[in-house]
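This is what each chain is made of:
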Amino acid sequence: MSKKVFYIYNPKTLTYERVYPSLRQRIAVVLRHLLVGGLISIALVAGFYFWLGSPKEEILKLENEQMKAQYKLLSKRVDAALAVMSDLQQRDDNMYRVVLQAEPVNAEVRDNGIYNPSRYADLLKMSDAQLVVSTTQKVDNLTRQVYVQCNSMNELVKLAQGQEERIKHLPAIQPVANKDLKRTASGYGYRVDPVYKTTKFHEGMDFAANIGTPVYATGNGRVIETGWQQGYGNTVVIDHGYDYKTRYAHLNKILVRKGQEVIRGEEIAEVGNTGKSTGPHLHYEVLYKGKPENPINYYFFDLSPEDYDRMIQLAENQGRVMD
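Thresholds applied
- Residues numbered from 1 in each chain as written.
- Predicted model: local features only at pLDDT ≥ 70, side-chain atom pairs only at ≥ 80, totals over all residues.
- Heavy atoms only, no water.
- Helix = DSSP H or I, 4+ residues; strand = E, 2+ residues; numbered from the N terminus.
- Buried < 20%, exposed > 50% of the residue type's maximum accessible area, 1.4 Å probe, protein only.
- Contact = heavy atoms within 4.5 Å.
- Areas by Shrake-Rupley, 256 points an atom, 1.4 Å probe, with all protein chains shown as cover.
- pLDDT = per-residue confidence, 0-100.
- Phe/Tyr/Trp six-rings, centres within 6.5 Å; stacked < 30°, edge-to-face > 60°.
- Lys NZ or Arg CZ within 6 Å of the ring centre and 35° of its normal.
- Patch = residues over 30% accessible without salt bridge, like charges linked within 9 Å, V, L, I, M, F, W, Y side chains within 5 Å.
- Salt bridge = Lys/Arg side-chain N within 4 Å of Asp/Glu carboxyl O.
- Pairing = 2+ DSSP bridges.
- Polar contact = N/O pair within 3.5 Å; in protein donor to acceptor, adjacent residues only side chain to side chain.

Time to look at the overall build of the protein. Within the protein, the regular secondary structure consists of six helices and 14 strands. Buried residues in the protein amount to 34% of all 323 residues. Sequence separation of at least 24 residues holds for 65% of the intrachain contacts in the protein that already meet a minimum separation of 6. By element, 57% of the accessible surface of the protein is carried by carbon and sulfur atoms, the whole surface being about 20,300 Å².

Structure, rendered in structure tokens:
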């Protein structure tokens, strides 16, 4: 490469004369070129990073977009799972537990600990914090509900396993046989008291029959009360377990003793006319958790559909009251 030569025009001689720059001038020229080149390079690099971004930034941006997409997809999947869980909870409370006569799961138990703001304090510092926190809350909610539902299902399995024994204790037949039954004199509900002539809630069902007609235990259980009770006359109360009790009143004769174990269909007494009674009949009550229930809902084993419908119709008849 040839050495660069500099000339300058001399107007006096009208010729170009060669110039020999000093070392200092040459160094200044070199530095000037380097400075200009450096500034141009810096400007190009800065523009590249500003408009296109660095490769590392591009990778992070791509990863962030992928993460946002994954969170959105996860959020939708959790929403679908929560919808399924909600349906399962409805079935649990309104079908499975009704069939097995178990109390619904308390709403406070299902929701306890679902929302705790302090759990998400660190997440609020992240980019796209709203999406991240919302999705995390849904996952925590689902996790809690799955835990509670698993415990509920375990409880239902145990209840179902005990159904065979429970059914034996359920008060599920008439206390007086159809062949001995004259009529149902008074059903469950409000009616006019035959003695005091005032409106009163009748907590059981009356079966008109001759004195001495057999009275049967309507389910397996243990006799917990026998003897005279105010208004009821001679009375037998059986505890069937599983929160069920039955009362048999106005008896002529009691054939069991307190503490005795009885089985469904076993004769325990005779129809009578004792206590506040205006004619021979049996007053029968079904108590669940200490509260009276309509006995017609418990006649499962000895009534045909036709007899069951007839029993309901007779029970609704507010005819002559026997007690």
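This part covers the confidence of the model for the protein. Predicted confidence across the protein gives a mean pLDDT of 77, with 72% of residues reaching 70 or more. Scored below 50 in pLDDT, residues 318–323 shows 29 contacts in the model against residues more than four places distant or in partner chains.

So, on to the packing of aromatic side chains. Overall, the coordinates contain two aromatic pairs when judged by the stated rule. Measuring from centroid to centroid gives 5.3 Å for Y248 and Y284, while their planes differ by 45°, and the two rings are tilted. Taken together, the residues span a long stretch of sequence, with Y248 in strand β10 (residues 244–254) and Y284 in strand β13 (residues 281–288) at a distance of 36 residues. The positively charged end of R247 is found above the aromatic ring belonging to Y232, 4.9 Å away from the centroid.

Attention now moves to unusual backbone geometry. Phi at D243 takes a positive value of approximately 75°, unusual for a residue other than glycine. Along the chain, D243 turns up in the loop between β9 (233–241) and β10. Take D243: its relative accessible area is 45%, and that puts it in the partly exposed class. Even without being glycine, K289 reaches a positive phi, approximately 55°. If you trace the backbone, K289 turns up in the loop between β13 and β14 (291–293).

A grouping of L23, I27, V30, L31 and L34 is seen on the molecular surface, where their side chains present a nonpolar patch of about 510 Å² in accessible area. Relative to the elements of secondary structure, L23 occurs in helix α1 (residues 23–52).

What follows concerns the pairing of strand β12 (residues 267–271). With four of five residues buried, β12 lies mostly within the body of the structure. With three bridges connecting them, β10 and β12 associate as antiparallel partners. Bridge pairing links L251 to V271 in β12.

Residue position: M153 is located in helix α4 (residues 129–161). Here M153 falls in the partly exposed class, since its relative accessible area comes to 31%. It is 9.4 Å that separates the C-alpha atoms of M153 and Y96, two residues lying 57 residues apart in sequence.

With respect to the helices, strands and loops of the structure, H283 is situated in strand β13. We classify H283 as buried; its relative accessible area is 2%. Polar contacts involving the side chain of H283 include one to the side chain of D206, which spans 3.0 Å.

According to the stated counting rule, one finds four salt bridges in the structure shown. Its salt-bridge partner being D79, residue K138 comes within 3.0 Å of it at the nearest N-O pair. Pair noted here: K138 is in helix α4 and D79 is in helix α2 (residues 55–99), with a separation of 59 residues, a long-range link. The salt bridge partner of R247 is E285, with a shortest N-O separation of 2.7 Å. Here R247 is found in strand β10, whereas its partner E285 is found in strand β13, with 38 residues between them in sequence. We classify R247 as buried; its relative accessible area is 15%. With a relative accessible area of 1%, E285 lands in the buried category.

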